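Residue-level structural notes
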Amino acid sequence: MKPKIAALITASGGIGSHFVLHKLQGHKNIVTLKESAFRGQAGSSKGDLKRYLSQGMLPNLDPEQLHPKKQIATAENKWLIMNKPPLKMINYHRTFHPDMPVLYIFRNPVSFYFTWIKKWREYGNKRYGRTVSDEQVFDWFRATFMSSLFELAQNFDKKRDRIVSFEHFFSNIDEELKGIFDCLGVENVKSESLQTMNVCNVCGTEKIERKMISVRGGRQEEVLVCPRHGPVLGPGEYNYIRKEDPSFLNRWKSNKNIEEVSEKFIPLFGKDIIDYFHNEEYLLDSDRNKYDTIIGKFLEGLKV
């Protein structure tokens, strides 16, 4: 049987999609793809996706899979995970393939907003020599996040789709991975047992070392290093052997205006969601019983 299609969706960058996708790529039954796959960007096209879904014609996706690379056209491979395609593209194909699941990463909106204040400040200084105001960032963030969630809610099915909790993924990765694997119907594999990158992503040599170096944001991390090509890093200095570290999850609380910002988000997401993250309830709600209830209620409220 040929692998089925699923999609990992996010509202924007800065939400851990690379980390999630590379973890999933380490599972023997899953192949995760680059953003270019099935998008017609000098690789497989939208037409290739249509032909695969309708006729079973699998294009050559080997150059468009993430690391660690594997054989795609094998009986062992059960899923191809598309990398952040437009949700409307997935909903279009669901007309004839209603069982196509979406894995949607959701992050504490207040924490996410503070991340984007920093990102827009760095981008503005680098590209334009100026910064945008916090209010402009809030307006952009509100429009981007809410429009994405509104679109998701219209066709969300909790029996088919999965909300991937950013906070749970970093604080309790094995349980969050289990939720994803259960959604896809594959064997549950713990994080430490998933395959990881072990070659240079340029020359393919296995003669690589592990060294502590400074990566994006000035973080000191253990990284694979090739003797010929240096640090083995992906797009945006992604560290292929990055370890999950939940210590950053509550750093947003160090901002002086968290109460004011949180109040601005309550009319958008509701007090239950904002309080859930403010109180760090994900640390105790390991089975996601409360999380799934309040997120499900929120998405139902967005349906028209």
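Structure first, text after, so check above.
Predicted model, so just to flag it, every value in this text is computed and none were measured.

Moving on, we come to the overall build of the chain. Within the chain one finds 10 helices and 10 strands. Its C-alpha radius of gyration of 20 Å places the chain within 12% of the 19 Å reference for a compact globule of 304 residues. Its C-alpha atoms give the chain principal-axis dimensions of about 50 × 50 × 40 Å. Counting the 304 residues in the chain, one finds 47% classified as buried. For the chain, the proportion of contacts with a sequence separation of at least 24, taken over those separated by at least 6, is 67%. Carbon together with sulfur atoms contributes 49% to the accessible area of the chain, which is approximately 15,600 Å² in total.

This paragraph deals with the nonpolar core. Ranked by internal contacts, the top residues of the largest apolar core, which has 89 residues, are L149, F269 and L299. Here the element with the most residues in this core is helix α5 (residues 134-154); it accounts for 8 residues. Non-local contacts of F269, meaning those with residues more than four positions away in its chain, are made with F106, P109, F145, M146, L149, I274 and F298.

Let's shift gears to the sheet that holds strand β8 (residues 230-231). The 3 strands lie next to each other as β6-β7-β8, forming an open sheet whose pairing is antiparallel. Of all the strands in the sheet, the pair left with one neighbour each is β6 (209-214) and β8. One ladder, built from 6 bridges, connects β6 with strand β7 (residues 220-226); its direction is antiparallel. Within the sheet, the bridge partner assigned to R210 lies in β7 and is L224.

The 5 strands lie next to each other as β2-β3-β1-β4-β5, forming an open sheet whose pairing is parallel. Unpaired on one side and paired on the other, β2 (30-32) and β5 (162-165) mark the two borders of the sheet. Adjacent strand axes in the sheet meet at a mean angle of 25 degrees, parallel and antiparallel pairs treated alike. As paired strands, strand β1 (residues 4-9) and strand β4 (residues 102-106) are joined by 3 bridges and run parallel to one another. When the bridges of β4 are listed, I9 appears paired with Y104.

Further remarks concern the pairing of β4. Across the 5 residues that make up β4, a large majority, 5, are buried. Residues V102, Y104 and F106 line one face of β4 and the alternating positions L103 and I105 line the opposite face, and both faces are buried. Direction of pairing for β4 relative to β5: parallel, over a ladder of 4 bridges. Looking at β5, one finds that L103 is bridged to R162.

Turning our eyes to something else, we now look at the pattern of salt bridges. Where charged atoms from two side chains of opposite charge approach closely, those side chains can pair. All chains considered together, the criterion is met by 18 salt bridges. Across the salt bridge formed by R288 and D292, the nearest N and O atoms sit 2.7 Å from each other. Note on D292: relative accessible area 37%, which makes it partly exposed. Each of R162, E176, R288 and D292 takes part in a single network of salt bridges with overlapping partners.

Our focus in this paragraph is the packing of aromatic side chains. One pass over the structure, following the stated rule, counts 31 aromatic pairs. Between F106 and F269, the aromatic rings sit 6.2 Å apart at their centres with planes inclined by 70 degrees, giving edge-to-face as the arrangement. Note that F106 is positioned in strand β4 and F269 in helix α8 (residues 258-269), a separation of 163 residues in sequence. What makes F106 buried here is its relative accessible area of 2%.

Now for the side chain of E176. Tracing the backbone shows E176 in helix α7 (residues 173-184). According to the relative accessible area criterion, E176 is buried, its value standing at 2%. Of the polar contacts made by the side chain of E176, one reaches the side chain of R288; its length is 2.5 Å.

The interhelical angle for the contact between α8 and helix α9 (residues 271-278), taken along N-to-C directions, is 140 degrees, at an axis separation of 7 Å. Between α8 and α9, the interaxial angle falls into the category oblique. Facing I258, E259, S262, F265, I266 and F269 of α8, the residues of α9 in contact are K271, I273, I274 and H278. Looking at the contact of α8 with α9 residue by residue, the classes come out as 6 nonpolar, 2 polar and 2 charged.

Before going further, it helps to spend a moment on unusual backbone geometry. Cis peptide bonds are those with omega within 30 degrees of zero, and the linkage from H67 to P68 qualifies with 0 degrees. Relative to the helices and strands, P68 is located in the loop between α2 (46-55) and β3 (79-83). Phi at K84 takes a positive value of approximately 55 degrees, unusual for a residue other than glycine. Within the secondary structure layout, K84 lies in the loop between β3 and α3 (87-93).

About the criteria used
Residues numbered from 1 in each chain as written. Predicted model: local features only at pLDDT ≥ 70, side-chain atom pairs only at ≥ 80, totals over all residues. Heavy atoms only, no water. Helix = DSSP H or I, 4+ residues; strand = E, 2+ residues; numbered from the N terminus. Rg over C-alpha atoms; globule rule 2.2 N^0.38 Å. Buried < 20%, exposed > 50% of the residue type's maximum accessible area, 1.4 Å probe, protein only. Contact = heavy atoms within 4.5 Å. Areas by Shrake-Rupley, 256 points an atom, 1.4 Å probe, with all protein chains shown as cover. Core = buried A, V, L, I, M, F, W, Y, C linked by side-chain atoms within 4.5 Å. Pairing = 2+ DSSP bridges. Axes fitted to C-alpha atoms, helices over the stretch in contact; angles between N-to-C directions. Salt bridge = Lys/Arg side-chain N within 4 Å of Asp/Glu carboxyl O. Phe/Tyr/Trp six-rings, centres within 6.5 Å; stacked < 30°, edge-to-face > 60°. Polar contact = N/O pair within 3.5 Å; in protein donor to acceptor, adjacent residues only side chain to side chain. Parallel < 35°, antiparallel > 145°, perpendicular 65-115°, else oblique. Nonpolar A, V, L, I, M, F, W, Y, C, P; charged D, E, K, R; others polar.

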